[in-house]
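Breakdown of the fold
The lines below spell out each chain.
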Amino acid sequence: MTYSIERVATLMGAHRFGGCETEVRFILTDSRSLCFPEETLFFALRSARNDGHRYIPELYARGVRNFVVERVPEETAERYPEANFLQVLSTRKALQRLAERHRDEFTIPVVGITGSNGKTMVKEWLYQLLSPGMVVTRSPRSYNSQIGVPLSVWLLNRHSEIGVFEAGISQKGEMRTLRDIIQPTIAVLTNLGTAHQENFASQEEKCREKLRLFKDADVMVYNADDETVTAVMGEQHFKGETLAWSRKDPSAAFFIEQTEKGETRTRVSYIYKGEAGSYELPFIDEASTVNSFVCAAICLHLGLEADVLAQRMARLEPVAMRLEVKEGQKGCTLINDSYNSDINSLDIALDFMNRRPDHQGRLRTLILSDIQQSGIPAARLYTEVSALAQKRGVEKIIGIGTAITAARKHIDVKEAHFFRSVDDFIRSEAFHDLHDEVILLKGARSFGFDRLAELLVRKVHETTLEVNLTALVDNLNHYRSLMKPRTKLVCMIKADGYGAGAVEIAKTLQDHRVDYLAVAVADEGATLRRNGITSNIIVMNPEMTAFKTLFDHDLEPEVYSFRLLEALIRAAEREGITGFPVHIKLDTGMHRLGFHPEDDIDRLIARLHNQNALIPRSVFSHFVGADDDAFDAFSDLQFSRFDRASRLIQSAFEHRILRHIDNSAGIEHFPQRQLDMCRLGLGLYGIDPRTGKTLHNVCTLRTTILQLRRVKAGETVGYSRRERLERDSLIAAIPIGYADGLNRHLGNRRCHCLVNGLPAPYVGNICMDVAMIDVTDIACREGDRVEIFGDALPVTTLSAALDTIPYEVLTGISNRVNRVYFQD
Ligand SMILES: *Cc1c(COP(=O)(O)O)cnc(C)c1O
């Protein structure tokens, strides 16, 4: 739907500057995601760290003409003659207000879903269950925040027959805003959970906040067996109809009589408003089962026949919420988004691909299935897909399915191939020709795209380190929130990104505009450059033999001694280089590397003055024990040494020299010492160095059970017969050993891994490539997944058992372990 700029201004109550009559169709809040400038309305949002107003000149140059701002730029008539500026008090509130007014245009049913877990699953399943008969407009991925919800609701259009939106909150007061935007006619609370509990005084308080979504809804869906929820419901005076589900209370609107779990399916028998019914679900886990109750109740309420519901329930597909990056066959990189194929999530995935820097000259290829149930006529739909793909830099499209094949003439990119099915494609030359491309795989499972993905990824070791890039960004933002807005940030990605893989980590950090990346050696920096990283890079340990690499790739070395300084100056002079930035390290107490903060300073300043090859960009030092209060007095001493010496250096130069000393622990513990810049390491990867607690977990090391065997009491397991079994046991072999970085000292029950969520101790000595674990008390099968550390088992459990620090465990995961990157 489009709005005239005049109408947008009126809806938001904005003051308009500029008189160009334009139409607005797209909303943009992140300048990097720009696609169709002419029809875009940019909201200059402000956060603690960033200010959208900064991007106005760039966006104007790229063709954007409509801006919502808090401050109108100066000299608009001269600098932005064709632009409209809509001035508001708060751009964020204006965005919410516009979405709210847009929502007012619709009288269709709208489902609003909140709860700690399951929001996305319920939303996606409702889509799967309803969309064969209705056009469902829903939040893309999990856009459920104060910004995500308005962007989702904006997607409602005249084809929409029902809206399904998620509402996620982390603090008091947030739900009211989301409720006003979504205005759900059907409001759902999936469950209460414990997430974000720190921001609420009690579970009741959190429940009350979530239930604000129910105010003014016609129908309210929740779990009547949850005592907190029913208690809070009892104190509220909602007007809507109660559509609670219960396994205990036969008077509940959706009463679950029985659930029977089979090998792969669950059978649910229910009574909905007095009518008995049943369905089978192709899942057996509890979360899926409970979420199916919610979906069933809503579908029945919306008038879906019980037998149709049962047919569709039986065909429900798992909700893949991750957008994964994997190494593919023949030099390809595979971005796999098996999330439902619709145009909104396609847009997000294309944006992700486009924003990742990459090798020059690698083809960007989109493999796309038919897009189903969009409600848009095929000609228009695929013309839109084609335009999107083009704008996002796609050079080759492989369309799979009868609808996209029929619409081939609307797809206009350099190279396009069409196939009726995945099988046809696999047999084709186009399939065998794929090489050295970045491939975005975007298609519904029903087209066999999971099989295709399997064929395209490089086959490696079954043990993988899964790296959650969303969590990484959450950690980054957590630390940024502890810093003053203007303090700069270095992200430490030495040791291959603390084991997570420096290249992908760097791509994500660059996209989030960190000021500096720091690697250990020049070669690591060169690898980043080859992979398209343009951020500033510091090299912490520049080897004397690699200066040329530094100069060639703009890698800024740390300088810690006169010997290194002299050699660098000589090398730079030889190359005719001037003003190459370096970072001066002072040794304030670590006694590892660095200039002496008293004895060396005069000579250092004199030498730097006496040349023009290098220029000091920053001066820094490193705390010995910022993670431990016991060292606070020593940290004070270190800081005072640093403060004095670094001021001396600064005073000897006219240009600004950045001073920095805080690491992850310091950012938190010594906020007054953040100075010009901080260096974030371990915290970025989700471990609070002071408490050892997990922030947002980034790395999960997983493997699978290779083989199960029964072993009698008295037998031994593994090399050297180190462990004799005390009882008849079930022993599982898993394909991970000390050569993968699973420390041998974890064996003989010193530690455990998790099998289906339960602890399984390592039995006997860990071998080079395989370990054995005791699963006697765990229901499991060959092929089941095993978590070595990660989401459910903190890496600190392993480091504690080894009497070491988490850094060592993380950086010890060997290269042969495949890294898989994903976004939630
Ligand atoms: C590794 C490193 C950091 C980061 O330390 P964390 O404890 O991981 O935050 C900071 N500064 C220097 C000089 C480092 O070598």
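For the structure given in this document, a descriptive report is provided here. (Residues numbered from 1 in each chain as written. Predicted model: local features only at pLDDT ≥ 70, side-chain atom pairs only at ≥ 80, totals over all residues. Heavy atoms only, no water.)

Observations regarding the overall build of the protein chain
A tally of regular secondary structure across the protein chain gives 28 helices and 41 strands. For the protein chain, whose C-alpha radius of gyration is 29 Å, the value lies close to the compact-globule estimate of 28 Å for 824 residues. Its C-alpha atoms give the protein chain principal-axis dimensions of about 90 × 90 × 65 Å. Looking at the 824 residues of the protein chain, the share that counts as buried comes to 57%. Here the analysis covers contacts within the protein chain between residues at least 6 apart in sequence; of these, 66% occur between residues at least 24 apart. On the protein chain, roughly 34400 Å² of surface is accessible, and the fraction owed to carbon and sulfur atoms is 47%. Where the 101 positive side-chain charges of the protein chain centre and where its 111 negative ones centre are 1 Å apart. (Helix = DSSP H or I, 4+ residues; strand = E, 2+ residues; numbered from the N terminus. Rg over C-alpha atoms; globule rule 2.2 N^0.38 Å. Buried < 20%, exposed > 50% of the residue type's maximum accessible area, 1.4 Å probe, protein only. Contact = heavy atoms within 4.5 Å. Areas by Shrake-Rupley, 256 points an atom, 1.4 Å probe, with all protein chains shown as cover. Lys, Arg positive; Asp, Glu negative; His and termini not counted. Charge placed at Lys NZ, Arg CZ, Asp CG, Glu CD.)

Let's talk about the nonpolar core
One finds I493, L509, I734, Y762, I788 and F789 to be the most contacted residues of the largest nonpolar core, which totals 144 residues. The biggest single contributor to this core is helix α23 (residues 562-574), with eight residues. When neighbours within four sequence positions are excluded, F789 is seen to be in contact with L465, C699, T700, L701, P794, V795, L798, V809, L810 and I813. Of all hydrophobic cores here, the second largest spans 40 residues; its members include V122, V136, A297 and L300. (Core = buried A, V, L, I, M, F, W, Y, C linked by side-chain atoms within 4.5 Å.)

Looking at the side chain of E723
One can find E723 in strand β35 (residues 723-724). Judged by relative accessible area, E723 falls into the buried class, the value being 9%. A polar atom in the side chain of E723 sits 2.9 Å from the backbone nitrogen of G764. Apart from residues no more than four positions distant in its own chain, E723 is found in contact with E715, T716, V717, N748, R749, Y762, V763 and G764. (Polar contact = N/O pair within 3.5 Å; in protein donor to acceptor, adjacent residues only side chain to side chain.)

A look at the sheet that holds strand β11 (residues 186-189)
A sheet is described by the order of its strands in space; here nine strands give the open sequence β9-β10-β8-β11-β12-β13-β14-β15-β16, paired in mixed fashion. Every other strand in the sheet has two partners, leaving β9 (136-138) and β16 (275-281) as the edge strands with one partner each. Adjacent strand axes in the sheet meet at a mean angle of 20 degrees when their direction is disregarded. As defined by bridge partners, strand β12 (residues 219-223) adjoins strand β13 (residues 241-246) across five bridges and the pair is classed as parallel. Paired with N223 across the two strands is W245, which belongs to β13. (Pairing = 2+ DSSP bridges. Axes fitted to C-alpha atoms, helices over the stretch in contact; angles between N-to-C directions.)

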